[in-house]
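# Tertiary structure, described
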Amino acid sequence: MAYKGPISQRQRRFGEELQRLRAAAGMSAPEAGALVGMKGPAVSHTEAGRITLNPERLEIWLDAYGCTDPVFRAKIADMGRSNGKGWWTESADRLPTLLLDLAEAEHDAALIDNFETFHVPGLLQVPAYIEAIYEDADQHRKLDVAAEIDFRKQRQRILTDLPRREFRFVIHETALRMRFPGDAAMREQLVHLLEISELPNVSIQVLPFTAAQKPPYTSQFVFLDPGAPELSTIVVDHPSHTEYLGDQRSIETYRKTFNQLSELALPPVSTAQSLATLSSRDSWGLIRHLLYLLQT
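Reading the values: rules and limits
- Here the residue index of a chain counts from 1 through its sequence in written order.
- Where local features are concerned, this predicted model is filtered to residues with pLDDT of at least 70; where side-chain atom pairs are given and counted, the filter is 80 or more; whole-chain, interface and lining totals use all residues.
- Side-chain numbers come from the whole structure's heavy atoms, not from hydrogens or water.
- Categorising residues by exposure relies on relative accessible area from a 1.4 Å probe, with only protein chains included: less than 20% of the type maximum marks a residue as buried, more than 50% marks it as exposed, and the intermediate range marks it as partly exposed.
- Runs of E in the DSSP output that reach at least two residues are strands. Runs of H or I that reach at least four are helices, and both are numbered from the N terminus.
- A pair of strands is considered paired only if DSSP assigns at least 2 bridges between the two.
- Known as pLDDT, the predictor's confidence for each residue is given on a scale from 0 to 100.
- For this document, the term salt bridge refers to a Lys or Arg side-chain nitrogen within 4 Å of an Asp or Glu carboxyl oxygen.
- Between 30 and 60 degrees the pair is tilted, below 30 it is stacked and above 60 it is edge-to-face, where a pair is any two Phe, Tyr or Trp rings, Trp via its six-membered ring, whose centres lie within 6.5 Å.
- By definition here, charges over rings are those cases where NZ of Lys or CZ of Arg is within 6 Å of the ring centre and within 35 degrees of the ring normal.
- Definition of nonpolar core: a set of buried residues of the types Ala, Val, Leu, Ile, Met, Phe, Trp, Tyr and Cys, connected through side-chain atoms within 4.5 Å.
- Residue contacts are defined here by distance: any two heavy atoms, one from each residue, within 4.5 Å place the two residues in contact.

### A short note on the pairing of strand β4 (residues 221–225)
Of all five residues in β4, five are buried, a share of seventy percent or more. In β4, alternate side chains face the same way, and those of Phe 221, Phe 223 and Asp 225 on one face and Val 222 and Leu 224 on the other are all buried. Examined bridge by bridge, strand β1 (residues 111–116) and β4 share five bridges and lie antiparallel to one another. In the sheet register, Ile 112 faces β4, and the bridge partner there is Leu 224.

Laid out in structure tokens, this is it:
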């Protein structure tokens, strides 16, 4: 059965993973189709994310492709079984597909790693900060600014509503020194970072100007792991577009990159740790220092 409406990133990724598994098994599309009563073109449409695949056929293919990892099998079955509906679908007629795809990917992730250079991560932004970002939005883009601001606020609910997820943020010091939102908004934002870091599933680190080594990557990205590393998705923001990556090489590269950034960054925000080790720098101390500089 063909999907209705545009193909989502999840549908696309599901098909790409099936194609990767088939190719690794050395099987042609017609050969794979013969196993489940499908013709070659139908297999190609499935691997392009254009048509659905019932669970029985998926199990046959996974067996034939030599896929034995039970966690991977369960996660890819979830991808294929999902109808893609959630709170985000209520905004489908007002917002770009890429925002809906991001919200769905965040909802399905067990681990989210986020590196940011010039802005506080979207999941951590307070309302005044979000509004300041959209004040200078490109007027040539057809934006429903109010809808996008509200959508970002709704995305943030996963930090507390779905505690089984783990969040790790590495934020460059540059983002914390930016003054474009105004001093009052930045004070509120820095306080929020300290407060949200108290959640047991949230880790916040600052990559300082004084980092001993050059960072391995200079652009922001989000790494979303659904619980099966091979099915991870990386979202990379470029000046002109947003890119979704899911090939195994990119997954390995960005996982290694985030771990390197985390090692270069100051230790995570932790009040207890900071009070116990006042002789060394950490993320809590740096954020407190920047907050002090904004006091009136």
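### Quick look at the confidence of the model for the protein chain
Scored by pLDDT, the protein chain has a mean of 88; 91% of the residues are at 70 or more. The least confident element of the protein chain is helix α13 (residues 271–276), whose mean pLDDT is 55; the most confident is β1, at 97.

### Topic: the pattern of salt bridges
In this structure the tally under the stated criterion is twelve salt bridges. The partner of Arg 13 in a salt bridge is Glu 17, with the nearest N and O atoms 3.3 Å apart. Of this pair, Arg 13 and Glu 17 both sit in helix α1 (residues 9–24), four residues apart, which is roughly one turn of the helix. When its relative accessible area of 3% is taken as the criterion, Arg 13 is described as buried. We classify Glu 17 as buried; its relative accessible area is 2%. Residue Glu 59 pairs with Arg 73 through a salt bridge whose shortest N-O separation is 2.6 Å. Taken together, the residues Glu 59 in helix α4 (residues 55–64) and Arg 73 in helix α5 (residues 70–81) connect sequence positions 14 residues apart. What you see here is one network of salt bridges that share partners, running through Arg 13, Glu 17 and Arg 20.

### Regarding the packing of aromatic side chains
For the structure on display, the rule yields eight aromatic pairs. Geometrically, the ring pair formed by Phe 221 and Phe 258 is edge-to-face, given 6.5 Å between the ring centres and 80 degrees between the ring planes. With Phe 221 in strand β4 and Phe 258 in helix α12 (residues 248–264), this pair connects stretches of sequence that are 37 residues apart. By relative accessible area, Phe 221 is classed as buried at 1%. On the accessibility criterion, Phe 258 (1% relative accessible area) is buried. The ring centre of Trp 87 lies 5.5 Å from the NZ or CZ of Arg 157, which sits over that ring. Its guanidinium or amino end placed over the ring of Phe 223, Arg 255 lies 3.9 Å from that ring's centre, counting from NZ or CZ.

### Examining the nonpolar core
Within the largest apolar cluster, 35 residues are counted, with the highest numbers of intra-cluster contacts made by Leu 124, Phe 169, Leu 176, Leu 190, Leu 193 and Ile 204. Counting only elements with at least two residues in this core, the list comes to α9 (158–161), β2 (166–172), α10 (173–177), α11 (183–196), β3 (202–207), β4 and α14 (283–293). Apart from the residues lying within four places of it in its own chain, the contact partners of Leu 193 are Val 120, Leu 124, Ile 171, Leu 176, Ile 204 and Ile 287. Counting residues in each nonpolar core, the second largest holds 21 residues, with Leu 18, Met 27, Trp 61 and Leu 62 among its members.

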